[in-house]
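# Results of the structural survey
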Amino acid sequence: MRTVLTPIRTAQRVDRFTYAIRNIVAEARKVEATGTTVRYLNIGDPNQFGFVTPPHLVEAVAKAMRDGHNGYTASVGIAAAREAVAADFTRRGVRTAADRVLITSGTSEGIELALTAIVDEGEEVLVPSPTYPLYTAVLAKIGATPAYYRTDHTNGWLPDLDHIRHSITPKTRALVVIDPNNPTGAIYPDDTRRALIDIAEEHGLVILADEVYGDLAYDGEVPPMALLDQDAPIISYSSLSKAYLAPGWRAGWMAVGRSPRLDPALAAIKKLADGRLCSPGPMQYAVVAALNGDRSHQHRFREELRGRAALTVERLNRIPGMSCVAPRAAFYAMPKMALPAGKTDRDYVLGLLRATGILVVYGSGFGTDPADGFFRVVFLASPGELAAIYDEMAAYTLA
Ligand SMILES: Cc1ncc(COP(=O)(O)O)c(C=O)c1O
């Protein structure tokens, strides 16, 4: 007999867990329910805007399925994919052994595995502000704390190295470096990268190098951070999601640097990976096809992005009160809107959404101060659509 009707209690960690990029969709649905068409500029998914997965990758997955590769794989991934990742790093100048590579369910799983393997409850991780919000979400889940370090929009969104140094405590374990960066589109010069490595070395931190946009810089590929120092404690990750136009496949990889100091981390990551069995099997065959095969789509994609970035910066900077640093990679821009006293970035973004149906994400969802008025635009829509959207944004902002 059922007598108790109180709701099942959920874990407190969920209260701490936020992911603004998708959380804000609930607001968009309410606006849609009123009959307004919503233009979703919140999620960085090129396939939603007409960019197409290269056919040889689709064929690699289909063939793997037809050939019967539909069972579990080794938890670290199939040998051919691990070898392809190792060979790709080696081609880029970072000698990498396949046994230090894991095939993951996207970069996202690499982030979760690395943080879970290395950071204990109550410890701290240096995370850029603004950041890709999965870092803070995972830290909330594992009971650890982000220590935000400033990246400076008046200096091309480069990290504030002194702020990093001053934010380090005995509890700090890792330094997250997202380069090229989401949400700012920044690329860090070698001297900045070198200084980040020096700081990590000095304080015994591991660098978590998020390199998912490494092939999407408008002026050509950005080398892995580990190229500057192959013995630095760097764990690097990337995926097929962005530069290979297959975000739904959840196919990615991580490479643990060759320094023996990382051996315990590698063992811990492999141990955790055993528990989730494997990443999607057939998609691992596409990792082989992607890294060993034709990449000519990347050149075309980068040129499309370069044009949209220029359009975005030009149009947004024309809006009184708005300023936008030019991105140099990927498909995001992080403009700043001068807000009236007492107003927040969320107020601006929700006002824009309700008045125009344009959905962007407030900067505080990426860790910036709500009063600073930052928001993130995904500029994957066609130039014509973007121009119309920026016209509406201007009209709303001037009204
Ligand atoms: C910086 C950064 N890291 C990781 C991810 C997650 O990518 P994946 O689809 O490979 O899990 C994203 C997705 O937008 C991202 O922007």
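Refer to the structure presented above.
Here's what I pulled together on the structure shown here. Predicted model only: the values in this text are computed from it and were never measured. (Residues numbered from 1 in each chain as written. Predicted model: local features only at pLDDT ≥ 70, side-chain atom pairs only at ≥ 80, totals over all residues. Heavy atoms only, no water.)

Within the protein chain one finds 14 helices and 15 strands. In terms of overall dimensions, the protein chain is globule-like: its C-alpha atoms have a radius of gyration of 21 Å, near the 21 Å expected for 399 residues. For the C-alpha atoms alone, the extent of the protein chain along its principal axes is close to 70 × 60 × 50 Å. Taking all 399 residues of the protein chain together, the buried fraction comes to 57%. In the protein chain, the share of contacts with a sequence separation of at least 24, taken over all contacts with a separation of at least 6, comes to 75%. (Helix = DSSP H or I, 4+ residues; strand = E, 2+ residues; numbered from the N terminus. Rg over C-alpha atoms; globule rule 2.2 N^0.38 Å. Buried < 20%, exposed > 50% of the residue type's maximum accessible area, 1.4 Å probe, protein only. Contact = heavy atoms within 4.5 Å.)

Time to look at the pairing of strand β6 (residues 172–178). Counting buried positions along β6 yields six of seven residues, so the element is predominantly enclosed. Bridging between strand β3 (residues 124–129) and β6 involves three bridges; their strand directions are parallel. Across the sheet, V125 pairs through a bridge with A174, a residue of β6. By the bridge criterion, five bridges tie β6 to strand β7 (residues 206–210) in an arrangement that is parallel. For V177, the partnering residue across the bridge sits in β7 and is A209. Each parallel crossover has a hand, and the one from β6 via helix α9 (residues 190–203) to β7 is right-handed. (Pairing = 2+ DSSP bridges. Right-handed = clockwise from strand over helix to strand, strands pointing away.)

Assignment of secondary structure puts S241 in the loop between β8 (234–239) and β9 (252–256). S241 has contacts with P46, A246, P247, R250 and A251, leaving out every residue within four places of it along the chain.

Another aspect to go through is the pairing of β7. β7 sits mainly inside the fold: five of its five residues count as buried. What you see with β7 is no split at all: V206, L208 and D210 on one side and I207 and A209 on the other are buried throughout. Examined bridge by bridge, β7 and β8 share four bridges and lie parallel to one another. Counterpart to I207 in the pairing with β8 is I234.

A few words now on the nonpolar core. Generally speaking, soluble globular proteins have nonpolar side chains that are buried together. Counting 134 residues, the largest nonpolar core has L115, I235, L240 and M393 as its most contacted members. Here the element with the most residues in this core is helix α11 (residues 281–292); it accounts for seven residues. With residues near it in sequence (within four places) discarded, M393 still touches L316, I319, Y348, L352, I358, V360 and F375. (Core = buried A, V, L, I, M, F, W, Y, C linked by side-chain atoms within 4.5 Å.)

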